[in-house]
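This is what each chain is made of:
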Amino acid sequence: MIIALFIFLLLGLIAAVTPGAALGFAFVAVSGRLSRGARVVWLLVVAAASSAVWLHLVGASNIWRPAVVVLSFTATVASGVIFLAREASRRRAPRYPIPVWPAWTPPTDSR
C-alpha cells in the first residue's frame, strides 16, 4: 500500500513538473530578441500564469493544491533560468583562445 502511495506521488510530481519545465524551455527558445532583464521578468510572469492554471485543474478541496502550484512555478523558473544561463554562456567568447597549433610559439626577434 505504501509503495503504491509513493508511485502515485512520483507520477503526480512528474505530471506537475514536466509541463512547467517544457514551458520554461519554450519561453527561452522563443524570446531570443528581448533583453535579458525583460526575459527574466516575462519568465516570472509566464511561470505565475502557468502555476495559476493548476489552481483550476486541481480540485478546490485538494490538500495537494499548494504543493502543485509551488512545484509548477519552481519548475518553470528553474528550467527557464538554466536555459538562459546556457544560452548566455554560448554567446560569450571563450576565455582562453586556442592557438592554431598547440606546440606553436611566436617567433623571437633574431637581431
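Scroll up to find the structure this text is about.
Residues numbered from 1 in each chain as written. Predicted model: local features only at pLDDT ≥ 70, side-chain atom pairs only at ≥ 80, totals over all residues. Heavy atoms only, no water.

Draft legend 1. Seen up close, the packing of helix α2 (residues 36-57) against helix α3 (residues 65-91). It is at 8 Å that the axes of α2 and α3 come closest, and there the two elements cross at 155°. As far as their axial angle goes, α3 and α2 are roughly antiparallel. The interaxial crossing formed by α2 with α3 has right-handed handedness. Of α3, the residues touching α2 (which contributes R36, R39, V40, L43, L44, A47, A48, S50, S51, W54 and L55) are R65, V68, V69, S72, F73, T76, V77, G80, V81, L84, E87 and A88. Here the residues of the contact of α2 with α3 are counted per class, giving 14 nonpolar, 5 polar and 4 charged. (Axes fitted to C-alpha atoms, helices over the stretch in contact; angles between N-to-C directions. Helix = DSSP H or I, 4+ residues; strand = E, 2+ residues; numbered from the N terminus. Parallel < 35°, antiparallel > 145°, perpendicular 65-115°, else oblique. Left-handed = near helix turned anticlockwise from the far one by under 90°. Contact = heavy atoms within 4.5 Å. Nonpolar A, V, L, I, M, F, W, Y, C, P; charged D, E, K, R; others polar.)

Draft legend 2. Broad picture of the side chain of S79. Within the secondary structure, S79 sits in helix α3. Each residue touching S79, except ones within four places of it in the same chain, is listed here: A21, G24 and F25.

Draft legend 3. Representation of α2. The end-to-end C-alpha distance of α2, which contains 22 residues, comes to 32 Å, matching closely the 32 Å that a straight helix rising 1.5 Å per residue would cover. In this structure, the buried residues of α2 make contact with α1 (2-30) and α3. (Expected span 1.5 Å × (residues − 1).)

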